[in-house]
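Coordinate inspection notes
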Amino acid sequence: MNIADQIGLELVPVKREQNFEVGDTVKVHYKIVEGNRERIQAYEGVVIAVNNKCGSKTFTVRRVSFDVGIERIFPLYSPRIDKIDVIRKSKVKKSKLYYLRDKKGKSAKLKEKIYVKKDSLPKAPKAAPAVQTSGEESNQD
Amino acid sequence: MKKTLIGKKIGMTQVYNESGKLIPVTAIELGPNVVVQKKTVEKDGYGALKLGFVDAKEKHLAKPIKDDLVKKGLPLKRVFREVEVFDESLQVGSEIGCDIFAENDSVNIIGTSKGKGFAGVIKRHGFGGGRATHGSTFHRAPGSIGACAYPGEVWKGQRMPGRMGTDRVTVKNLKVVKVLKDKNIVLISGAVPGRKDSLVIVKES
């Protein structure tokens, strides 16, 4: 990082942790000033890109409303962002999902990534460690 | 009299303002400048402050400059500029820091623009050029420069291709976004002429 970016980064009021990945569906709670009062607006969509900018990061959120694709770019450290909720995690193979712009309907869907806690796994995954241990057992024999 | 300091461009970055908007800023290392000489109307015919900036090694300075600085007991500097006497209380040897500028001050910045090399008229003077396709044989050339019977010569000042850039450029009325006193750095909104590490003069506007 160059010196100028370091200076800019030191002046960032709150450094937010990136709690999402590319492909996740997120809900960004963004503060909006209306006249002289402030309210929070939620913007929901798929994160299609995370970019490094001046030592910081920006992320692009895409949503399709009324058949029109909308993309908004948020700076990660922006004090205007109240919070970022992750709604759904997806399985993606690319770091930039720009191909979603050309897709429509079902083909624009991403496969959901499901995390399951090890302890709560049903029978099938339990069998897997058993196979590994069986190898050790044979060695003991 | 307008406050003026010599500085060095560090580069560009971005900061959030009070309302949470990201704004592009240029970081400038400003000062501390040392007053090397104070010119007076009585002695020199005009009043001016000679400021010194950028620390130097003894071997890099010409002997007359070095001897002058050593005689006055000043730190060795290698960049000098004359500016208006903006503060009468300044004497030879006094240091001026970037804190003479405050946030939201309006400043003019003088720098040397980046060199573009030998450039054609389209890049250098903004000529329109010709059509690219449809049988056009006239693309980026300057065209006629002296016509026929009238004027029958090339007028002085005719815009032609040539060396572009490395000019002295002044950008007026830029806002000071932040003054970082301990680092001697000033953040100025927007772009500033010149490349990184180039010398700039920051002047109150």
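Residues numbered from 1 in each chain as written. Chains lettered and ligands numbered in written order. Predicted model: local features only at pLDDT ≥ 70, side-chain atom pairs only at ≥ 80, totals over all residues. Heavy atoms only, no water.

How big an interface is tends to be stated in terms of accessible area lost as the parts join. Listed by partner, the interface residues are 17 residues for chain A and 17 residues for chain B. For the pair chain A and chain B, the summed buried surface comes to about 1,200 Å²; carbon and sulfur atoms form 68% of the total. On the chain A side of the contact with chain B, Ala4, Ile7 and Leu11 of chain A bury the most area, a combined 39% of that side's loss. Close ionic contact of Lys183 of chain B with Glu10 of chain A constitutes a salt bridge, the shortest N to O distance being 2.2 Å. At the boundary of chain A with chain B, the tally comes to 4 residue pairs in polar contact (both at pLDDT 80 or more). The biggest single contributor to the side of chain A that touches chain B is helix H1 (residues 3–10) of chain A, with 6 residues. (Contact = heavy atoms within 4.5 Å. Buried area = accessible area lost by both parts, 1.4 Å probe. Salt bridge = Lys/Arg side-chain N within 4 Å of Asp/Glu carboxyl O. Polar contact = N/O pair within 3.5 Å; in protein donor to acceptor, adjacent residues only side chain to side chain. Helix = DSSP H or I, 4+ residues; strand = E, 2+ residues; numbered from the N terminus.)

On to the domain arrangement of chain B. All names here are of chain B. Under the domain assignment used here, chain B contains domain 1 (4–120 + 169–204) and domain 2 (121–164). Its C-alpha centre places domain 1 at a distance of 40 Å from the equivalent point of domain 2. Contacts between the two partners involve 6 residues from domain 1 and, on the opposite side, 9 residues from domain 2. Here domain 1 packs against domain 2, burying approximately 560 Å² in sum over the two surfaces, 62% of which is carbon and sulfur. Counting the surface domain 1 buries against domain 2, the share from its top three residues, Lys116, Ala119 and Gly120, is 68%. Our count for the contact surface shared by domain 1 and domain 2 stands at 0 salt bridges. Linking domain 1 with domain 2 are 6 residue pairs in polar contact (both at pLDDT 80 or more), by the criterion used here. (Domains from an automatic or database assignment.)

Another aspect to go through is the packing of aromatic side chains. Residues and elements named next belong to chain A. On inspection of all chains with the given rule, the structure shows 5 aromatic pairs over all chains. Grouping aromatic residues by their ring pairs yields a cluster made of Phe20, Tyr30, Tyr43, Phe59 and Phe74. Its end group placed over the ring of Tyr43, Arg63 keeps NZ or CZ at 5.8 Å from the ring centre. Looking at Arg72, its charged tip hangs above the ring of Tyr30, at a distance of 5.0 Å from the centre. (Phe/Tyr/Trp six-rings, centres within 6.5 Å; stacked < 30°, edge-to-face > 60°. Lys NZ or Arg CZ within 6 Å of the ring centre and 35° of its normal.)

A few words now on the environment of Pro75 of chain B. Residues and elements named next belong to chain B. Here Pro75 lies in the loop between helix H2 (63–72) and strand E5 (77–83). C-alpha separation for the pair Pro75 and Lys39, spaced 36 residues apart in sequence, amounts to 19 Å. Ignoring sequence-local partners within four residues, the contact set of Pro75 consists of Val34 and Leu69.

A separate point is the nonpolar core. One finds Ile28, Leu30, Leu49, Leu51, Val107, Ile109 and Ile188 of chain B to be the most contacted residues of the largest nonpolar core, which totals 26 residues. Among the secondary structure elements, those contributing two or more residues to this core are strand E1 (4–16), strand E2 (22–30), strand E4 (48–55), E5, strand E7 (106–112), strand E10 (168–180), strand E11 (185–189) and strand E12 (199–204) of chain B. At 4 residues, the largest contribution of residues to this core is made by E4 of chain B. For Leu49 of chain B, the residues in contact, after removing those within four places along its chain, are Val35, Gln37, Lys38, Arg81, Glu82, Val83, Glu84, Val85, Phe86 and Leu90 of chain B. Residues Phe59, Leu76 and Tyr77 of chain A together with Tyr16 of chain B belong to the second largest nonpolar core, which totals 22 residues. (Core = buried A, V, L, I, M, F, W, Y, C linked by side-chain atoms within 4.5 Å. Buried < 20%, exposed > 50% of the residue type's maximum accessible area, 1.4 Å probe, protein only.)

It is worth spelling out H1 of chain A at this point. Of the positions making up H1 of chain A, those classed as buried are Ala4, Asp5, Ile7, Gly8 and Leu9 of chain A. Packed against the buried residues of H1 of chain A are strand E3 (56–65) of chain A together with E1, E2, E10 and E11 of chain B. Where H1 of chain A begins, the side chain of Asn2 of chain A points an oxygen toward the backbone nitrogen of Ala4 of chain A, at a separation of 3.3 Å.

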